[in-house]
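# Close look at the chain arrangement
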Amino acid sequence: MLILTRKSGEQIAIGDDIVINFLEIKGTQVKVGIEAPRHITVHRQEVYERVREENMAAASMTATELSLASEFYSHINTRKEEET
Amino acid sequence: MKIKTTRFGEITLNDDQVIHMPHGMLGFPDSQRFVIIQNKENSPFLWYQSLDDPDLAFVITNPYLFMPDYNPQLKDGVTQMNWQMDGKGFLKTLEVYVVVNIPRGAPEKMTGNFMGPLVINPLCRQGLQVILSDGGYFHKTHLIFQMTEKGQGEDSEDKVGV
């Protein structure tokens, strides 16, 4: 891993078309601005991880689980329709 | 073509049923071709079966059944995929699904990942899992809670306390 030290207001260039701006440093927080082509996706790592972990968990679903869920859904739906 | 799957055995499908996902589903970059398989009549749930990995299938559903005012920001995804925006109604032609997680033996606790919707462009049969960083949507939205609670569309994160 390349490790660089930067001051507030300084930048890092990645390749020809990505620039990271270190806008503000306050205590333990850093405000970062990212300039990148629109086809490059930029996300907070934890958001990316959450979606990925949900996918991992969802990928092992079996037909049994789904039919239980379908039944449960119909049950709730019928009850909702009766109420209205 | 004929495809082998773990859950459904060998299935036969036409080329025009295949959905191409150049980036795959998050965490599964090697599976890039999928097909939607109807689970049961009158069930809101569908299977999203990989054609590249017989084992890999997700349960997906229509998010609007559970959150009628769901409004994911899809423009960045459209740009990323280089989909041509033909007129104002284009975004409405996209199909939107969420991946469902059903805990074993506890269907009442099933959740939908509203933070990472699956978006399909039916015109070119391409798909993308979009990550919504700032939309206020949660990755574990309780589906039954959404159905039963009168105040639909509220952020379930606060109430469920996860």
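Please refer to the structure higher up on the page.
Summary of the structure given here.

What counts and how
Residues numbered from 1 in each chain as written. Chains lettered and ligands numbered in written order. Predicted model: local features only at pLDDT ≥ 70, side-chain atom pairs only at ≥ 80, totals over all residues. Heavy atoms only, no water. Helix = DSSP H or I, 4+ residues; strand = E, 2+ residues; numbered from the N terminus. Rg over C-alpha atoms; globule rule 2.2 N^0.38 Å. Buried < 20%, exposed > 50% of the residue type's maximum accessible area, 1.4 Å probe, protein only. Contact = heavy atoms within 4.5 Å. Areas by Shrake-Rupley, 256 points an atom, 1.4 Å probe, with all protein chains shown as cover. Lys, Arg positive; Asp, Glu negative; His and termini not counted. Charge placed at Lys NZ, Arg CZ, Asp CG, Glu CD. Buried area = accessible area lost by both parts, 1.4 Å probe. Salt bridge = Lys/Arg side-chain N within 4 Å of Asp/Glu carboxyl O. Polar contact = N/O pair within 3.5 Å; in protein donor to acceptor, adjacent residues only side chain to side chain. Nonpolar A, V, L, I, M, F, W, Y, C, P; charged D, E, K, R; others polar.

## Some words on the overall build of chain B
Scanning chain B from terminus to terminus reveals four helices and eleven strands. On C-alpha atoms alone, chain B measures out to a radius of gyration of 16 Å, which is about the 15 Å that the 2.2 N^0.38 rule sets for 162 residues. Overall, the C-alpha framework of chain B stretches about 45 × 45 × 30 Å when taken along its three principal axes. Residues classed as buried in chain B amount to 49% of the 162 residues present. Residue pairs at least 24 apart in sequence account for 50% of intrachain contacts in chain B once pairs closer than 6 positions are excluded. For chain B, the exposed area adds up to about 7800 Å²; of that, 47% sits on carbon and sulfur atoms. Distance from the positive charge centre (14 side chains) to the negative charge centre (19 side chains) of chain B: 4 Å.

## Section: the interface of chain B and chain A
Counting from both sides, the interface comprises 47 residues of chain B and, opposite them, 33 residues of chain A. In total, about 3400 Å² of surface goes out of reach between chain B and chain A, with carbon and sulfur atoms giving 64% of it. When the buried area of chain B at its contact with chain A is split by residue, Leu26, Ile131 and Met147 of chain B rank highest and sum to 16% of it. Our enumeration of links across chain B and chain A arrives at four salt bridges. Ionic pairing is found between arginine 44 of chain A and aspartate 134 of chain B, a salt bridge with its closest N-O pair at 2.9 Å. Connecting chain B to chain A are 14 residue pairs in polar contact (both at pLDDT 80 or more). Residue assignment for the side of chain B that touches chain A shows that the elements contributing at least two residues are strand 5 (45-50), strand 6 (57-61), helix 1 (75-81), strand 7 (95-101) and helix 3 (143-148) of chain B. For the side of chain B that touches chain A, the class distribution of residues is 23 nonpolar, 15 polar and nine charged.

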